[in-house]
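Descriptive analysis of the structure
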Amino acid sequence: MATKAEPNVVPLCDVLLVLLIIFMVITPIVQKGIDVKLPETSSDTSGGVPAGLIVLTVKKNVVLINQEEIEQRNLQDRLRQIYSARQDKTIFIRADAKLPYSKVIEVIDIAKGAGVDVLGIIPEYFTEEEGT
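Values in this document were obtained by computation on a predicted structure and should not be read as measured data. (Residues numbered from 1 in each chain as written. Predicted model: local features only at pLDDT ≥ 70, side-chain atom pairs only at ≥ 80, totals over all residues. Heavy atoms only, no water.)

Things to note about the overall build of the chain
Summing up its helical and strand segments, the chain has three helices and five strands in all. The linear arrangement of helices and strands in the chain, starting from the amino end, is α-β-β-β-α-β-α-β. Within the chain, residue pairs in contact and separated by at least 24 positions form 69% of the contacts whose partners lie at least 6 positions apart. Split by element, the accessible area of the chain, about 10,400 Å² in all, is 58% carbon and sulfur. (Helix = DSSP H or I, 4+ residues; strand = E, 2+ residues; numbered from the N terminus. Contact = heavy atoms within 4.5 Å. Areas by Shrake-Rupley, 256 points an atom, 1.4 Å probe, with all protein chains shown as cover.)

Observations regarding the side chain of Thr 57
Secondary-structure assignment places Thr 57 in strand E1 (residues 55-58). Once residues lying within four places of it in the same chain are set aside, the contact partners of Thr 57 are Val 62, Val 63, Leu 64, Arg 94 and Phe 126.

Focus: the nonpolar core
Core analysis: the largest hydrophobic core is formed by 21 residues, its most contacted members being Leu 56, Ile 65, Leu 75 and Leu 79. Listed by contribution, the elements that provide at least two residues to this core are E1, strand E2 (63-65), helix H2 (75-83), strand E4 (90-96) and helix H3 (101-113). Top element by residues in this core is H3. It accounts for five residues. With residues near it in sequence (within four places) discarded, Ile 65 still touches Ile 54, Val 55, Leu 56, Ile 70, Leu 75, Arg 78, Leu 79 and Ile 82. (Core = buried A, V, L, I, M, F, W, Y, C linked by side-chain atoms within 4.5 Å. Buried < 20%, exposed > 50% of the residue type's maximum accessible area, 1.4 Å probe, protein only.)

A short note on the sheet that holds E1
A sheet is described by the order of its strands in space; here five strands give the open sequence E3-E2-E1-E4-E5, paired in mixed fashion. Where the open sheet ends on each side, the last strands, each with one partner, are strand E3 (68-70) and strand E5 (118-124). Averaged over all pairs of adjacent strands, the angle between their axes in this sheet comes to 25°, without regard to strand direction. In this structure, E1 lies alongside E2, joined through three bridges in antiparallel fashion. Considered in E2, the bridge of Val 58 is made with Val 63. Taken strand by strand, H2 contacts E1, E2, E3 and E4, and its axis lies near 10° from that of E2. Contacts between H3 and the sheet are confined to E1, E4 and E5, with E5 contributing the most and set at about 155° to the helix. (Pairing = 2+ DSSP bridges. Axes fitted to C-alpha atoms, helices over the stretch in contact; angles between N-to-C directions.)

Here it is, written out as structure tokens:
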């Protein structure tokens, strides 16, 4: 009578369990993301821009730097001019929430290219007369 040879799968299961444990330990370490700093709230509800902060407002057809209208093709040069002399390289982008995501990302890329280090995004819903 011939004996039937069967593979021993116990070592294979041990190796798979060890690999599973290694991946479970490494996965949280490898995750990447964007550091988020939440702004501090203040009791001032005047709606104005606090001194020293740069707020870039992106609407449907208009780009504003602290309420100063600027054409998008001149945006990077203007931001470079502003941030060349500043120690604080922080900008807040106040964008219409109805805008396409690609337009906001384009403005973020322009700001990063102009030397901005810290970037805050403020989504807002503008009315029709504000959005023009």
